[in-house]
Amino acid sequence: MSVESDRRKIVRDAWSARHCAEDRSAMIGLSVIRGLALAILAVLILVALI
């Protein structure tokens, strides 16, 4: 009984850790995309000014 509950807890912890990693990578991807968009906007503004 206790072994089964421990196994279930381990599986649940692994799932939560994986979801945290996925959320973190999604946040990093969003920040990278936002940075690229800002860089493109800056280049366009510079080209428009020249």
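As shown above, the structure is provided for reference.
Each chain has its residues counted from 1, running along the sequence as written. Since the coordinates come from a predicted model, pLDDT governs what is reported: local features require at least 70, and pairs of side-chain atoms require 80 or more to be given and counted, while whole-chain, interface and lining totals use all residues. The side-chain values count all of the structure's non-hydrogen atoms but skip hydrogen atoms and water molecules.

J.: In this structure, what is going on with the pattern of salt bridges? I would like to understand it.
T.: When the charged atoms of two side chains with opposite charge come close together, those side chains can pair. Any Lys or Arg side-chain nitrogen found within 4 Å of a carboxyl oxygen on Asp or Glu counts as a salt bridge. Applying the stated criterion across every chain yields a total of 3 salt bridges. In this structure, Glu4 engages Arg8 in a salt bridge whose closest nitrogen and oxygen atoms are separated by 3.6 Å. Of this pair, Glu4 and Arg8 both sit in helix H1 (residues 2-49), 4 residues apart, roughly one helical turn. Residue Lys9 is joined to Asp13 by a salt bridge in which the shortest nitrogen-to-oxygen separation is 3.3 Å. Numbering of helices and strands runs from the N terminus; a helix is a DSSP stretch of H or I covering at least four residues, while a strand is a stretch of E covering at least two.

J.: Even after reading the chapter, I still don't get the environment of Ala37, so can you show me in this structure?
T.: Of note, Ala37 is situated in helix H1. With a 1.4 Å probe rolled over the protein chains alone, any residue whose accessible area is under 20% of its type maximum counts as buried; one over 50% counts as exposed, and the rest are partly exposed. Of the residues examined, Ala37 reaches a relative accessible area of 39% and is grouped as partly exposed. Taking the C-alpha atoms as reference points, Ala37 and Ala48, separated by 11 residues in sequence, lie 16 Å from one another.

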